[in-house]
Amino acid sequence: MGIGIKGFFMTLEEKMATYREICQQIKLLEEEKKILAQSILQEMPSKKMVFTDYIARSYTRLSIHIPIEQARMLDATKMVEQVDKERIKEIHNGGTALEGVKEISYLVITSGKSPILDENPFDLL
């Protein structure tokens, strides 16, 4: 699989179209993978299964999305100091070089029919 040497002889537009096709294939495969994983989890008789070539494990974690107001009422909040990325961008864009800050380039190709992003650009990093 892959475009290999053929990619060198493609036009830029052909490369972009191929890139979009691959992104769509990946998206479909990820959806299939998720459905298959849920099916497997339902059928697993235990949290760990050992096979000849691999070991399958089932993990459980919490997905927590409660409103901050509710967390406050439960005394379940904390103050966290974090980097102000917007301020760092301002400093960088003002011409100051900062260690740990670099510009990255990534490709985003959207459908001509819709302004909605077809793929997450940060998946490319």
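Residues numbered from 1 in each chain as written. Predicted model: local features only at pLDDT ≥ 70, side-chain atom pairs only at ≥ 80, totals over all residues. Heavy atoms only, no water.

### Notes on helix H3 (residues 85–93)
Inference 1: The opening residue of H3, the one whose side-chain oxygen lies 3.2 Å from the backbone nitrogen of Glu 86, is Asp 84.
Inference 2: Phi turns positive one or two residues past the end of H3, at Gly 95, with a value near 105 degrees. (Polar contact = N/O pair within 3.5 Å; in protein donor to acceptor, adjacent residues only side chain to side chain. Helix = DSSP H or I, 4+ residues; strand = E, 2+ residues; numbered from the N terminus.)

### Considerations on unusual backbone geometry
Inference 1: Even without being a glycine, Asp 75 presents a positive backbone phi close to 50 degrees.
Inference 2: Within the secondary structure, Asp 75 is located in the loop between helix H2 (68–73) and H3.

### Focus: the environment of Arg 20
Inference 1: Structurally, Arg 20 can be placed in helix H1 (residues 12–43).
Inference 2: Measuring from C-alpha to C-alpha, the distance between Arg 20 and Ile 109 comes to 7.0 Å, with 89 residues separating the pair along the chain.

### Focus on the side chain of Thr 18
Inference 1: Structurally, Thr 18 is set in helix H1.
Inference 2: For Thr 18, a relative accessible area of 14% corresponds to the buried category.
Inference 3: In contact with Thr 18, other than residues within four places in its own chain, are Ile 3 and Met 10. (Buried < 20%, exposed > 50% of the residue type's maximum accessible area, 1.4 Å probe, protein only. Contact = heavy atoms within 4.5 Å.)

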